[in-house]
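Commentary on secondary and tertiary structure
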Amino acid sequence: MIGKVGTGKSFRGVLHYLFEGRRQESKELQMQELEKKQVEVIAYNQCFGTRLELVREMIEVAKLNPDQSKPVFHFSLSFAHSDVGKLGLQDKIDMVEMLAEKFDFKDHQYVVVAHKDTDHEHLHIVANRIGFDGKTASDSNSYKHVAEFARKMELEYKLEQVLSPNKFLKPEQRVVQSQRVDNRKETLRKHLQTAIKQSKDVQQVKKYMEQRGYEVELGRGIAFTDAQHVRFKGSQVGYALMDIEKKLKQEQLLRQQQEQNRQAQLLRQQQEELKKQQQQEKEQQQQQVHQHTPSIGR
């Protein structure tokens, strides 16, 4: 299980992302984004309502500590392919309650949202760091604490075990960081190679990568974020957007050439078969002529 934590200023921004997805250029695209997210709210704590109602409620409580500029806690918990089906709804709720206990927001407002837009099942938890008493839940060493929490949950629920970031491990447990990055880059590179061979345009490449669990950012350039929330620009793995477009054209030309070669080979085979058939007919005619020609005796 991969745990991630962050703090922020805007309840409106993070809840819009969780409920509506990334902002799109049109209403139609926004609806497609929403459908892709497959949003399901699985728990509320000390709050309830629509996205806008949740925003208003959390902002009101956050006003109890106006000196805190980052009242938002945002956690995500991502599960491995092999863990699909291992956790029931109550297991997930219990897990989040233990997370709230660890980060001292169990009596604060929070909402738990499940997303199914990647191959990896994952949960998002948005919590108000400000409690009803005006006190703020600490974010000190939050990255270390969420890594420790993930390792504990893996053991408790018998989930696939994942290495924590190196800086949170003992020296003898550490893996060379460059090796981790290189492995991720190589995996991404192989997926892109396959995607390009099977796609006609960039949108098909994007769809292929999303089906493999990547979040794809497509604009003037292209970037990929894997299930462990590690982000790479396409250029970092030799596949900038211009490179992808160029390779797609090359693949298209290659497919056209292969099709032309196939058609040419098929035509040659047909011509050879026709020639063979004509030769056989000619031989048969010669045999018939020979059989019907009377012999002249002396």
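Notes on the structure in this doc start here. Please read these numbers as outputs of a predicted model, since none were measured by experiment.

Cut-off values and rules
- Residues numbered from 1 in each chain as written.
- Predicted model: local features only at pLDDT ≥ 70, side-chain atom pairs only at ≥ 80, totals over all residues.
- Heavy atoms only, no water.
- Helix = DSSP H or I, 4+ residues; strand = E, 2+ residues; numbered from the N terminus.
- Buried < 20%, exposed > 50% of the residue type's maximum accessible area, 1.4 Å probe, protein only.
- Contact = heavy atoms within 4.5 Å.
- Areas by Shrake-Rupley, 256 points an atom, 1.4 Å probe, with all protein chains shown as cover.
- Pairing = 2+ DSSP bridges.
- Axes fitted to C-alpha atoms, helices over the stretch in contact; angles between N-to-C directions.
- Phe/Tyr/Trp six-rings, centres within 6.5 Å; stacked < 30°, edge-to-face > 60°.
- Lys NZ or Arg CZ within 6 Å of the ring centre and 35° of its normal.
- Core = buried A, V, L, I, M, F, W, Y, C linked by side-chain atoms within 4.5 Å.
- Salt bridge = Lys/Arg side-chain N within 4 Å of Asp/Glu carboxyl O.

Moving on: the overall build of the protein chain. Tallying secondary structure elements over the protein chain gives 8 helices and 8 strands in all. Expressed as a percentage of the 298 residues in the protein chain, the buried residues total 37%. For the protein chain, the proportion of contacts with a sequence separation of at least 24, taken over those separated by at least 6, is 65%. Of the accessible surface of the protein chain, which amounts to about 18,900 Å², a share of 47% is contributed by carbon and sulfur atoms.

Glancing now at the sheet that holds strand S8 (residues 231-233). Sheet architecture is open: 3 strands sit in the order S6-S7-S8, paired in antiparallel fashion. Each edge of the open sheet carries a strand with a single partner, namely strand S6 (215-218) and S8. Going from strand to strand, the sheet's axes swing by 20 degrees on average, the running direction of each strand aside. Here strand S7 (residues 222-225) pairs with S8 via 3 bridges, running antiparallel. Bridge pairing in S8 places Ala223 opposite Lys233. Together, S6 and S7 form the strand contacts of helix H7 (residues 202-211), whose direction differs from that of S6 by roughly 155 degrees.

Before going further, it helps to examine the packing of aromatic side chains. Taken as a whole and judged by the stated rule, the model has 7 aromatic pairs. Relative to Phe75, the ring of Phe73 has its centre 4.9 Å away and its plane inclined at 50 degrees; by these criteria the two rings are tilted. Measuring from ring centre to ring centre gives 5.4 Å for Phe105 and Tyr110, while their planes differ by 85 degrees; the resulting arrangement is edge-to-face. Given a relative accessible area of 0%, Phe105 falls into the buried group. The class for Tyr110 is buried, based on a relative accessible area of 6%. By way of ring pairs, the aromatic residues Phe73, Phe75, Phe103, Phe105 and Tyr110 are connected into one cluster. A cation over an aromatic ring shows up here: Arg129 above the ring of Phe73, its NZ or CZ 5.4 Å from the ring centre. For Arg212, the ring lying beneath its charged end belongs to Tyr208, and the centroid distance is 3.9 Å.

One finds Met1, Phe75, Met95, Phe105 and Ile125 to be the most contacted residues of the largest nonpolar core, which totals 29 residues. Looking at this core, the elements that each hand over two or more residues are strand S2 (40-45), strand S3 (72-78), helix H4 (89-102), strand S4 (110-115), strand S5 (122-128) and helix H5 (142-156). The biggest single contributor to this core is H4, with 5 residues. Beyond its immediate chain neighbours, meaning those up to four positions away, Phe105 contacts Phe73, Phe75, Leu99, Ala100, Tyr110, Ile125, Ala127 and Ala137. In this structure, Ala195, Ile196, Tyr214 and Leu248 belong to the second largest nonpolar core, which totals 18 residues.

Turning our attention to the pairing of S3. Burial analysis of S3 places 6 of its 7 residues in the buried class, the great majority of the element. As paired elements, S3 and S5 share 7 bridges and run antiparallel to each other. Bridged to Phe75 within S5 is Ile125.

What follows concerns the pairing of S7. The two faces of S7 match: Ile222 and Phe224 on one face and Ala223 and Thr225 on the other face are all buried. The pairing of S6 with S7 spans 4 bridges and is classified as antiparallel. Bridging from a neighbouring strand, Leu218 pairs with Ile222 of S7. Between S6 and S7, which pair antiparallel in sequence order, lie 3 residues. Hairpin connection of S7 to S8: 5 residues between the antiparallel strands, including His229 at a positive phi of 65 degrees.

This next bit is on the sheet that holds strand S1 (residues 2-8). What the 5 strands build is an open sheet, ordered S1-S3-S5-S4-S2; its pairing is antiparallel. The outermost strands of the open sheet, each flanked by one partner alone, are S1 and S2. In this sheet, neighbouring strand axes are inclined to one another by 15 degrees on average, regardless of whether the strands run parallel or antiparallel. Relative to S5, S4 runs antiparallel, the two being bridged by 6 bridges. Each residue of the ladder has a partner; that of Val111, found in S5, is Val126. Of the strands in this sheet, S1 and S3 are in contact with H5, which crosses S1 at around 150 degrees.

With a phi angle near 65 degrees, Asp104 is a residue other than glycine that sits in the positive phi range. Since its relative accessible area comes to 53%, Asp104 is described here as exposed.

Time to look at the pattern of salt bridges. In the structure shown here, the tally under the stated rule is 13 salt bridges. We note a salt bridge from Lys206 to Glu210, for which the minimum N-O separation is 2.7 Å. With Lys206 and Glu210 both in helix H7 and 4 residues apart, this pair spans about one turn of that helix. Of the two residues examined, Lys206 and Glu210, each falls in the buried class. Arg231 is paired through a salt bridge with Glu217; the nearest N and O atoms lie 2.8 Å apart. Here the residue Arg231 occupies a position in strand S8, and Glu217 occupies one in strand S6, the gap between them amounting to 14 residues. Judged by its relative accessible area of 25%, Glu217 falls in the partly exposed class.

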